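Residue-level structure breakdown
The lines below spell out each chain.
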Amino acid sequence: MTNETPPAVPEPLEFGGSVWIKSGGETLGGAGRIALLAAIRDTGSITSAAKRVGMSYKAAWDAVDTMNNLAGEPLVASATGGRGGGGTRLTASALRLIDTYHAVEREHRKFLEHVSEAIEGFDRDWRLIGRLGMRTSARNQLAGKITKITRGAVNDEVELGLPGGQTIVAVLTHESTEALGLQQGSDAFALIKASWVMLMEDAPAKLSARNQLRGTVASVTRGAVNAEVTLSLDESTTVTAIITNQSAEALGLAEGQRAVAVVKASSVIIGVND
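Read on for a plain summary of the structure. (Residues numbered from 1 in each chain as written. Predicted model: local features only at pLDDT ≥ 70, side-chain atom pairs only at ≥ 80, totals over all residues. Heavy atoms only, no water.)

What to know about the overall build of the protein chain
- Broken down by element type, the protein chain carries seven helices and 14 strands.
- Per element, the accessible surface of the protein chain, about 16,200 Å² overall, is 51% carbon and sulfur. (Helix = DSSP H or I, 4+ residues; strand = E, 2+ residues; numbered from the N terminus. Areas by Shrake-Rupley, 256 points an atom, 1.4 Å probe, with all protein chains shown as cover.)

As structure tokens, this is what we get:
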């Protein structure tokens, strides 16, 4: 009897953000500086306020000086004793600034909650936006779900199911599997450099390469030495290979022809979106 770990259920996504107050091109303050002002208001002391918000005494004074300068008027005023002693108080402008910031922050939070609830399929779309914004030198980026993880003595074999029903296998270390939090059913993507992809005719063959992805040639772009060949696996997934012009001619590759993309499992990099 085996105990299977149920697939991880991702936490629902929500919009997040912070409110910052700017003066011209300079930042007057955000949540941290406003919290410092509020602590000065409550304690009447820069030293006590700095301790309350987890800031050094010097950093607190630097922040106060910056806010005073950017506001164009005093926000924090010191009584007799200056930096070395005496009490510290907020001006009327500073007190008003704290109230205004909290009011704007409340409305900002309401806006984010409203947007999260109003957009249908927000979880799915936000993860897609994350993938679209990813930058990598690998030409092939294939998104799917983990369908199987096989533990080995040293490495793990991870199988990624693609949208069209085909699968791609990668070999990872145990540490990588754990660090990525990979589980059956979780979302992931495969990265494959175009130069790591080999092409062959769509005919029965025995190969040591684990991945054999079947598709239709969508385009062949020839350069001075190499050709870039794009293979459509399904309506949404393509794989691109860089091969020599000589190889492209020998295979007779042309648009609409069936072909197979061959990739070693050790050449597949698995990634996840945070």
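Some points on the sheet that holds strand 8 (residues 187-192)
- Taken in spatial order, the five strands line up as 7-6-5-8-14 in an open sheet, and their pairing is antiparallel. The strands lining the two open edges of the sheet, one partner per strand, are strand 7 (167-173) and strand 14 (269-271). Between one strand and the next, the sheet's axes are offset by a mean angle of 45°, whatever the strand orientation. (Pairing = 2+ DSSP bridges. Axes fitted to C-alpha atoms, helices over the stretch in contact; angles between N-to-C directions.)

Points about the pattern of salt bridges
- Within this structure, the stated rule accounts for nine salt bridges.
- Three or more residues joined by partner-sharing salt bridges are found here, namely R41, D42 and R52. (Salt bridge = Lys/Arg side-chain N within 4 Å of Asp/Glu carboxyl O.)

A closer look at the side chain of T230
- With respect to the helices, strands and loops of the structure, T230 is situated in strand 11 (residues 226-232).
- Of the residues examined, T230 reaches a relative accessible area of 11% and is grouped as buried.
- Side chain to side chain, T230 and T240 meet in a polar contact 3.3 Å long.
- Once you skip the residues sitting within four places of it in the chain, T230 turns out to touch T216, V217, A218, S219, T238, V239 and T240. (Buried < 20%, exposed > 50% of the residue type's maximum accessible area, 1.4 Å probe, protein only. Polar contact = N/O pair within 3.5 Å; in protein donor to acceptor, adjacent residues only side chain to side chain. Contact = heavy atoms within 4.5 Å.)

Side note on the pairing of strand 11
- Taken together, the six bridges between strand 10 (residues 211-222) and strand 11 define a ladder with antiparallel strand orientation. Counterpart to R222 in the pairing with strand 11 is A227.
- Where strand 10 folds back onto strand 11 in an antiparallel hairpin, the turn is made up of three residues.
- By the bridge criterion, seven bridges tie strand 11 to strand 12 (residues 238-244) in an arrangement that is antiparallel. Bridge pairing links E228 to I242 in strand 12.
- Counting the residues in the hairpin turn of strand 11 and strand 12 gives five residues.

Regarding the side chain of S45
- Position of S45 among the secondary structure elements: in the loop between helix 1 (31-43) and helix 2 (46-53).
- The class for S45 is buried, based on a relative accessible area of 19%.
- Apart from the residues lying within four places of it in its own chain, the contact partners of S45 are I40 and T88.

Let's talk about the nonpolar core
- I168, V197, L199, L253, V268 and I270 are the most contacted members of the largest nonpolar core, which totals 30 residues.
- Setting aside residues up to four positions removed in sequence, L199 forms contacts with V229, A241, I243, L251, L253, V260 and A261.
- In terms of nonpolar packing, the next biggest core, distinct from the first, is built from 21 residues, A49, A50, A60 and L75 among them. (Core = buried A, V, L, I, M, F, W, Y, C linked by side-chain atoms within 4.5 Å.)

Topic: the sheet that holds strand 13 (residues 258-263)
- As summarised here, the arrangement of the five strands in space is 9-13-10-11-12, forming an open sheet in which the pairing is antiparallel. Taken across any chain shown, the strands that pair with only one partner, and hence form the sheet edges, are strand 9 (198-201) and strand 12. Ignoring strand direction, the axes of neighbouring strands in this sheet form an average angle of 45°.
- Pairing geometry for strand 9 and strand 13, over four bridges, is antiparallel. Paired with E201 across the bridge in strand 13 is A259.

Considerations on the environment of W196
- Mapped onto the fold, W196 is located in the loop between strand 8 and strand 9.
- If we skip the residues at most four places from it in the chain, W196 touches V262, V263, S267 and I269.

Re helix 3 (residues 57-71)
- Look at helix 3: 21 Å from first C-alpha to last across 15 residues, which is about the 21 Å you get at 1.5 Å a residue.
- All of the buried residues in helix 3 are A60, W61, A63, V64, M67 and N68. Angular distribution of buried residues about the axis of helix 3 spans 160°; they occupy a single face of the element. Seen from the buried face of helix 3, the exposed residues on the opposite side, beyond 90 degrees, are K58 and N69. (Expected span 1.5 Å × (residues − 1). Arc of directions from axis to C-beta.)

Focus: helix 1
- Over its 13 residues, helix 1 runs 18 Å from end to end, which matches the ideal 18 Å to within 8%, given 1.5 Å per residue.
- Those residues of helix 1 not exposed but buried are I34, L36, L37, A38, A39 and I40.

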